[in-house]
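Report on the structure
Residue strings, one per chain:
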Amino acid sequence: MKKILVTKPALPELERVIPYFKEIWDSRVLTNSGPMHNKLETALCDYLGVKYVSLFSNATLGLMVALKVLNIKGEVITTPFSFVATAHSIIWNNSTPVFVDIEDDFNIDTNKIEDAITDKTTAIMAVHCYGMPCRVEEIEAIAKRRNLKVIYDAAHAFGVKYKDTSVLNYGDLSVLSFHATKVFNTFEGGAIVSNSLEMKTKIDKLKNFGFESEVHVSEIGINAKMNELCAAIGLVQLQDIDEVLRERKNIAHYYQQLFKGSRLVSTFKHQSLTNNSYYPVLIESEGKFNRDFVYEELRSKGIFARRYFYPLISDFSVYRIPEKSKTRDLAMAKMISDKVLCLPIYPGLEKSEQEYIFNTIVEIQTSKPKYLLSGVPINECI
Ligand code: T4K
């Protein structure tokens, strides 16, 4: 049986990458802010429409350095509906994540942030989940009023715009991921987007052990640099990114069409604002024929959808230790986490495969007459 995975990394033809690799071989500059690294930083600033980009070996280290460079201490308000790296970075910074509920757009509920602020709160780390822009203006207003820093975990938000500017221009810092599973990948990689040269210089120092000069180490830095091979791949990937984003948009659009009118599968309300890095749906069902049942059935038919983000970060055992984190009422996050399923989306996914995914979901659900939503039999719902 053919497997359809949740994602398949976009890759350029190998022959287009080889000349870049040849340059690296010839120069013997493999890492430490070499020419490929520097070219990619410049190219990303141009493409994304941001002032400064500092490349990283992955987004997790980027988040850790972002917290460190802003001198964040105490409590950090964040979302439980994300990948564990969001909260892990806060704990690695010896700070406490305070989990606040989300809205039905999957992002932190800005109406609930202020209630969670204490005299220990120093920052908000919000996530543009699935590439959906957070309510950035409201977050900025709260941060200004309460004197907090704002870090956006923008791991999913490559190329996302908000009001005609990059969403990465909001907040003090934004952190991108270029992991294999992301819209723009450098195999592994990430970046911090900042607004001033002074901040970029501090970030660049922290990602390189804190070296000021050959003989002067001024910070307890870390090694989080992107190497030349990853940067070279990034330079080639950037040539194709518009096509990648276009293809993803078409795929999302087709899913939207397929699921239109479905009462058992709710689709992403605000898909048009995203970069279509994910295609989340909510499986509305009852009893044991719930999201997990659909998830398992799909797997048995070769469709490897994923439950991003289940469990909630706050439900992982390491986060249940009271002194590790603080948890507010997370009713919406729990409800969404129990229903969400991210369907396969990647350049190259065929329309026929999308139809197979859609038909399989319908088949799983309609074969179970118990599936009722608001009293409506399933075969009248789909
Ligand atoms: N913040 C947020 C909000 C994030 O979502 C993430 C990462 C981060 C921060 C941290 O970013 P990085 O430090 O990683 O740069 C994946 C990724 O490993 C992770 O990067 C990502 N978020 C998370 C949401 O998903 P898994 O455990 O689901 O990955 P895995 O290996 O199961 O792969 C998923 C699918 O992709 C598989 O079906 C196969 C396919 N795949 C995967 C890889 C790695 C490929 O076809 N090729 C590949 O090389 O975590």
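All of these numbers come straight from a predicted model, not from anything done at the bench.

1. Thoughts on the site of the ligand
Around the ligand, the surrounding shell holds 25 residues, and the nearest of these are Thr60, Asp153, His156, Ser177 and Tyr308. Ala59 is positioned such that a nitrogen or oxygen atom in its backbone is 3.0 Å from an oxygen atom of the ligand. The residue inventory of the shell around the ligand, partitioned by class, reads 12 nonpolar, 10 polar and 3 charged. Mapped onto the domain boundaries, the shell around the ligand takes at least three residues apiece from domain 1 (4-237) and domain 2 (241-375).

2. Overview of the packing of aromatic side chains
We describe a pair of aromatic rings using the distance from one ring centre to the other and the angle between the two ring planes. Considering all chains together, one arrives at 21 aromatic pairs under this definition. Taking the centre distance of 5.7 Å and the plane angle of 90 degrees together, the rings of Phe81 and Phe309 count as edge-to-face. Note that Phe81 is positioned in the loop between strand E3 (75-78) and helix H4 (84-92) and Phe309 in the loop between strand E15 (303-304) and strand E16 (326-327), a separation of 228 residues in sequence. According to the relative accessible area criterion, Phe81 is buried, its value standing at 0%. The structure contains a cluster of three or more aromatic residues connected by ring pairs, namely Phe81, Phe106, Tyr130, Phe268, Tyr278, Tyr308 and Phe309. Residue placement shows Lys207 over the ring face of Phe56; its charged tip is 5.6 Å from the ring centre.

3. Re helix H6 (residues 136-146)
Turning to H6, its buried residues are Val136, Ile139, Ile142 and Ala143. For H6, the angular spread of the buried residues around the axis is 130 degrees, confining them to a single face. Opposite the buried face of H6, by more than 90 degrees, sit the exposed residues Lys144 and Arg145. On its buried face, H6 is in contact with helix H5 (113-116), strand E5 (121-127), strand E6 (149-153) and strand E7 (161-162).

4. Looking at the domain arrangement of the protein
Per the domain assignment, the segments of the protein are domain 1 (4-237) and domain 2 (241-375). Computed from C-alpha coordinates alone, the two centres of domain 1 and domain 2 are separated by 26 Å. Counting residues at the interface gives 45 residues for domain 1, matched by 49 residues for domain 2. Both sides of the domain 1 and domain 2 interface together cover about 4,100 Å² of buried area, and 67% of this is carbon and sulfur. In terms of surface lost to domain 2, no three residues of domain 1 exceed Ile4, Val6 and Tyr130, which account for 21% of the buried area on that side. On the surface where domain 1 and domain 2 come into contact, there are 2 salt bridges. Residue Lys269 is joined to Asp104 by a salt bridge in which the shortest nitrogen-to-oxygen separation is 2.5 Å. Remark: the boundary between domain 1 and domain 2 carries 23 residue pairs in polar contact (both at pLDDT 80 or more). When contributions to the side of domain 1 that touches domain 2 are tallied by element, the ones reaching two or more residues are strand E1 (4-5), H4, strand E4 (96-99) and H5. The leading source of residues in the side of domain 1 that touches domain 2 is H4, at 5 residues.

5. A short note on unusual backbone geometry
Tyr308 connects to Phe309 through a cis peptide bond whose omega is 10 degrees. Following Tyr310, the chain continues to Pro311 via a peptide bond in cis, the omega torsion being -5 degrees. Of note, Ser33 is a non-glycine position whose phi angle comes to about 55 degrees, a positive value. Residue position: Ser33 is located in the loop between helix H1 (14-27) and helix H2 (35-48).

6. Details of the packing of helix H8 (residues 228-259) against helix H11 (residues 351-366)
It is at 10 Å that the axes of H8 and H11 come closest, and there the two elements cross at 35 degrees. Here H8 and H11 pass one another in a crossing that is right-handed. Contact residues: Ile251, Tyr254, Tyr255, Leu258 and Phe259 in H8; Lys351, Gln354, Glu355, Ile357, Phe358 and Ile361 in H11. The residue makeup of the contact of H8 with H11, split by class, is 8 nonpolar, 1 polar and 2 charged.

7. Comments concerning the pattern of salt bridges
Taken as a whole, this structure holds 25 salt bridges when the rule is applied. The closest approach of N and O atoms between Asp292 and Arg307, which form a salt bridge, is 3.1 Å. Here Asp292, found in helix H9 (residues 291-300), pairs with Arg307, found in the loop between E15 and E16; they are 15 residues apart in sequence, far enough to count as distant. Several salt bridges converge on common partners, so that one network encompasses Glu41, Lys200, Asp204 and Lys207.

8. Considering H8
Because each turn of an α-helix spans 3.6 residues, side chains separated by three or four positions end up pointing in the same direction. A rise of 1.5 Å per residue sets the reference length of H8, with its 32 residues, at 46 Å; its end C-alpha atoms lie 43 Å apart and thus fit the reference within 8%. Two or three places before Leu229, at the opening of H8, Asn227 has a side-chain oxygen 2.9 Å from that residue's backbone nitrogen. Looking at the residues trailing H8, positive phi occurs at Gly261, about 85 degrees.

Here is what the cut-offs are and how they apply
Residues numbered from 1 in each chain as written. Predicted model: local features only at pLDDT ≥ 70, side-chain atom pairs only at ≥ 80, totals over all residues. Heavy atoms only, no water. Near = heavy atom within 4 Å. Polar contact = N/O pair within 3.5 Å; in protein donor to acceptor, adjacent residues only side chain to side chain. Nonpolar A, V, L, I, M, F, W, Y, C, P; charged D, E, K, R; others polar. Domains from an automatic or database assignment. Phe/Tyr/Trp six-rings, centres within 6.5 Å; stacked < 30°, edge-to-face > 60°. Helix = DSSP H or I, 4+ residues; strand = E, 2+ residues; numbered from the N terminus. Buried < 20%, exposed > 50% of the residue type's maximum accessible area, 1.4 Å probe, protein only. Lys NZ or Arg CZ within 6 Å of the ring centre and 35° of its normal. Arc of directions from axis to C-beta. Contact = heavy atoms within 4.5 Å. Buried area = accessible area lost by both parts, 1.4 Å probe. Salt bridge = Lys/Arg side-chain N within 4 Å of Asp/Glu carboxyl O. Axes fitted to C-alpha atoms, helices over the stretch in contact; angles between N-to-C directions. Left-handed = near helix turned anticlockwise from the far one by under 90°. Expected span 1.5 Å × (residues − 1).

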